[in-house]
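# Structure assessment
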Amino acid sequence: MTRPLERELIDAVLELSANAIVLIDESGRIALWNAAAESVLGWPAEEALGQEVLTAMVAPNSHATARDLLAKLAANGTWEGAVPLRHREGHAVVCAVRARALAGHGGDGDESDGVGEVLAVFAELGRSGPDGPDGRAGTDGGDDRAALLRAERAALLRAERTARAELEHVRDRLAYVVHASSRLASSLDVGMTMETVGDLVVPRFGTLCIIDLWDGRRLDRVYVREAEPGRQSLVEQIRGLGGSQRDGHPALRAVFTGRPAVLTTTDPDALAQMYADPQANTVVHEATRGAGFLAVPLVTRGRVIGVLTLLGPGHAYGRDLAPGEDLAVLEQVATRAAQSIENARLFDAERRLARNLADSERRQRRTALTLQRSLLPAWTHPPGELEVATRYFPGAEEAEVGGDWYDVIPVGPGRTALVIGDVMGRGLRAATFMGQVRTAVRAYARQDLRPKEILALLDGVVADLGDTEIVTCAYAVFDAARGTLTYASAGHLPLLTVDGNGKARRLDHEAGLPLGVAASSASPARTAPEHVVALPEETTVAFYTDGLVENRRRDVDAGIDALVDALAKASGSLEGLCDQVIDALRPPGGYDDDVALLLARALPRT
């Protein structure tokens, strides 16, 4: 099926052709009839279309001859010659005819095979009386017949040259539109798109190109291009006229009507309707070089987004073009330019939005990280009965800060609380919530309560602060006098110990529900179980969050096993152990979640 642009160009060629062109369908009826055919035979298109060709174009006494010609056409596919055709008023018009079967010709001379569609091109050679003598006007005498044949050949040659030229013209237009579409579709940058439009339309459609974008109230001049680089001062003057157009300006008429506005000459009266400033009119007259002015609206998705204006004469096909001469092609380019400009603007807006969002996320990340680090303990008074080493760092740059935290709190002589927790979620909200929970932990720890009592109180705090928040927490108290560690866990990962001989193991004791879960569920609250383990001198206990042991390639259980191995293999000071463990468990792409690690080692009693 013919595409819209091809259909429009073909219709234009048919309308402008000097030769009569007729299309006859398979049933022998007229399916296409151009203006030249009406000029030769007198039938308007609305009367000719649908008529049988023998009735409309052939005299009754020539029907047999016409059928013979159709038989030859069926056999050979083409036919040319001089024949008398019937004028609407009844007289015969001798025409040079060239016909071609478009489909269905048999090729073996059998008329029953049918001719199919036939395209006929003809030109008038002469006229005779009604129907002509014998229906073969102008073919009686030898001299007349020779003259007729010479005239026929000359007319056919002229018709063929004209048809070939018109066909090449159509092909050139189609190739140009395809090329323009390809170039415009490849750009998602507004500035590059406008440069491409300038490359395409200058100098083909004018010597100076202007693109104005419409914001619903005024035109904003965004691009000016001149064919001659030496006229840069004129370009700047034209650029400065943007937004000062009167309502009679072709560009505004194109915007308001949604149709092209063509000005064939820039005379003083026409210029006076464009600008109030006489100097502006002088600049425009210089830019147009006294020739025409063409404004085409940029329409996409049913709305006008701007206007493409061409000043001065265009140049194509080896000659100057009159304003609007190739308007159908320019409209196609303008439509594709509008689509490309709109797509580029949408892409640019989305890119700016993504950049602003990324900046906002980075600022929020920095704020959350600053808040989180400010809430972690700063060891101004380290406990005397424990050696403590800690590590905390956020995950990958693209990950939001989480709610991991740890704390070491003196609760009495020879007694130190060790705490680690993780607020589910990420970002500033999780960091802020973590700060509130950590403050509550420190307040309750000062009362020297049992670990399970501390967790029970924290469960209520978490429920009060937010009914959608979930927190895991492990709370332990080291008693130096007894050499024990008493702890309870609210859904947190198991603690690990490493004895003085380097043997590491996990403390797989029962844990309670995460903080906030019991308060938000219908099930009755259950106190986290409390456990007591011996912690001899030189024994190390490890507290950690899931970011250390879990990642996209490794589940939690495998990560805990890896941590046990890393602790067993590590040696040296506690600070050195922290670095060795972090390096051993680091994924190839780095940690993608927050990591908190707290190591505590029982010191020898003095």
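Residues numbered from 1 in each chain as written. Predicted model: local features only at pLDDT ≥ 70, side-chain atom pairs only at ≥ 80, totals over all residues. Heavy atoms only, no water.

Per an unreviewed UniProt entry, the chain goes by the name protein-serine/threonine phosphatase and belongs to Actinopolymorpha rutila. What the UniProt record of the chain gives under Catalytic activity (unreviewed entry) is the line "O-phospho-L-seryl-[protein] + H2O = L-seryl-[protein] + phosphate". (UniProt positions renumbered as here; feature names shortened; annotations may be inferred.)

## So, the overall build of the chain
Scanning the chain for helices and strands turns up 18 helices and 22 strands. In the chain, which comprises 606 residues, the proportion classed as buried is 48%. Sequence-distant contacts in the chain: of pairs separated by 6 or more residues, those separated by 24 or more amount to 67%. Total accessible area on the chain is roughly 29000 Å²; 51% of this is exposed by carbon and sulfur atoms. (Helix = DSSP H or I, 4+ residues; strand = E, 2+ residues; numbered from the N terminus. Buried < 20%, exposed > 50% of the residue type's maximum accessible area, 1.4 Å probe, protein only. Contact = heavy atoms within 4.5 Å. Areas by Shrake-Rupley, 256 points an atom, 1.4 Å probe, with all protein chains shown as cover.)

## Some thoughts on the pattern of salt bridges
Summed over the entire model, instances satisfying the criterion amount to 30 salt bridges. Between Asp479 and Arg482 there is a salt bridge, with the nearest N and O atoms lying 4.0 Å from each other. Given a relative accessible area of 11%, Asp479 falls into the buried group. The exposure class of Arg482 is exposed, given its relative accessible area of 68%. The partner of Asp508 in a salt bridge is Arg506, with the nearest N and O atoms 3.8 Å apart. Look at Arg506 and you get partly exposed, because its relative accessible area is 22%. By sharing partners, the salt bridges in this structure join Asp172, Arg173, Arg204 and Asp326 into a single network. (Salt bridge = Lys/Arg side-chain N within 4 Å of Asp/Glu carboxyl O.)

## A short note on the packing of aromatic side chains
As enumerated under the stated definition, the model contains three aromatic pairs in all. Measuring from ring centre to ring centre gives 6.0 Å for Tyr176 and Phe205, while their planes differ by 55°; the resulting arrangement is tilted. With Tyr176 in helix α6 (residues 142–185) and Phe205 in the loop between α7 (190–201) and β6 (208–214), this residue pair connects regions lying 29 residues apart in the sequence. Both residues of the pair, Tyr176 and Phe205, count as buried. Ring plane angle 85° and centroid distance 5.9 Å describe the contact between Trp214 and Phe256, whose orientation is recorded as edge-to-face. Of the two residues, Trp214 sits in strand β6 while Phe256 sits in helix α9 (residues 250–257), which places them 42 residues apart along the sequence. (Phe/Tyr/Trp six-rings, centres within 6.5 Å; stacked < 30°, edge-to-face > 60°.)

## Quick look at the pairing of strand β2 (residues 30–33)
Looking at chain direction, strand β1 (residues 20–24) and β2 are connected through three bridges and run antiparallel. Opposite Leu23, over in β2, you have Leu32 as the bridge partner. The hairpin turn running from β1 into β2, its antiparallel successor, is five residues long, and Gly28 in that turn takes a positive phi close to 85°. (Pairing = 2+ DSSP bridges.)

## Quick word on the packing of helix α8 (residues 232–240) against helix α11 (residues 278–288)
One can describe the packing of α8 onto α11 by two numbers: an axis separation of 10 Å at closest approach and a directional angle of 130°. Relative to α11, α8 is oriented oblique. Crossing of α8 over α11 shows left-handed handedness. Note on element contacts: α11 touches α8 through Val283, Glu286 and Ala287, opposite Leu234, Gln237 and Ile238. Considered class by class, the residues forming the contact of α8 with α11 number four nonpolar, one polar and one charged. (Axes fitted to C-alpha atoms, helices over the stretch in contact; angles between N-to-C directions. Parallel < 35°, antiparallel > 145°, perpendicular 65-115°, else oblique. Left-handed = near helix turned anticlockwise from the far one by under 90°. Nonpolar A, V, L, I, M, F, W, Y, C, P; charged D, E, K, R; others polar.)

## Observations regarding the environment of Ala123
Residue placement: Ala123 occurs in strand β5 (residues 118–130). Setting aside its immediate chain neighbours within four residues, Ala123 contacts Asn19, Val94, Cys95 and Ala96.

## Looking at the sheet that holds β6
Pairing in this open sheet of five strands is antiparallel, and the strands run β7-β6-β10-β9-β8 from one edge to the other. Two strands lie at the open edges of the sheet, namely β7 (219–226) and β8 (261–263), each paired on one side alone. Adjacent strand axes in the sheet meet at a mean angle of 15° when their direction is disregarded. One ladder, built from eight bridges, connects strand β9 (residues 293–300) with strand β10 (residues 303–311); its direction is antiparallel.

## Focus on α9
Residue pairs spaced three or four apart in an α-helix point in one direction, given the helix's 3.6 residues per turn. Every buried residue of α9 is listed here: Pro250, Ala251, Leu252, Ala254 and Val255. Positive backbone phi, approximately 75°, marks Gly258, located one or two places after α9.

## Things to note about the sheet that holds strand β22 (residues 595–602)
Strand order in the open sheet made by the five strands is β13-β22-β21-β18-β19, with antiparallel pairing throughout. The sheet terminates laterally at β13 (386–393) and β19 (504–506), the two strands that pair on one side only. This sheet shows a mean twist of 20° between the axes of neighbouring strands, independent of strand direction. Sheet topology places strand β18 (residues 496–498) next to β19; three bridges connect them, and they run antiparallel. Among the inter-strand pairings, Thr497 is bridged to a residue of β19, identified as Arg505. The sheet contacts of helix α17 (residues 556–569) involve β18, β19, β21 (540–544) and β22, and relative to β19 the element is tilted by about 155°. Contacting β13, β21 and β22, helix α18 (residues 574–585) runs over the sheet at an angle of about 35° to β13.

## Side note on the nonpolar core
Within the largest apolar cluster, 30 residues are counted, with the highest numbers of intra-cluster contacts made by Val22, Ile30, Trp33, Leu41, Met57 and Phe122. Elements with a contribution of two residues or more to this core: β1, β2, α2 (35–41), α4 (53–57), α5 (63–76), β3 (78–86), β4 (91–101) and β5. Ranked by residue count, the leading element in this core is β4, at five residues. Phe122 has contacts with Asn19, Ala20, Val22, Ala37, Val40, Leu41, Met57, Leu85, Cys95, Ala96 and Val97, leaving out every residue within four places of it along the chain. (Core = buried A, V, L, I, M, F, W, Y, C linked by side-chain atoms within 4.5 Å.)

## Let's talk about unusual backbone geometry
Cis geometry marks the peptide bond from Val202 to Pro203; its omega dihedral reads 5°. Phi is positive for Arg301, which is not a glycine, with a value near 55°. Structurally, the position occupied by Arg301 is in the loop between β9 and β10. Exposure remark for Arg301: the relative accessible area of 58% places this residue in the exposed category.

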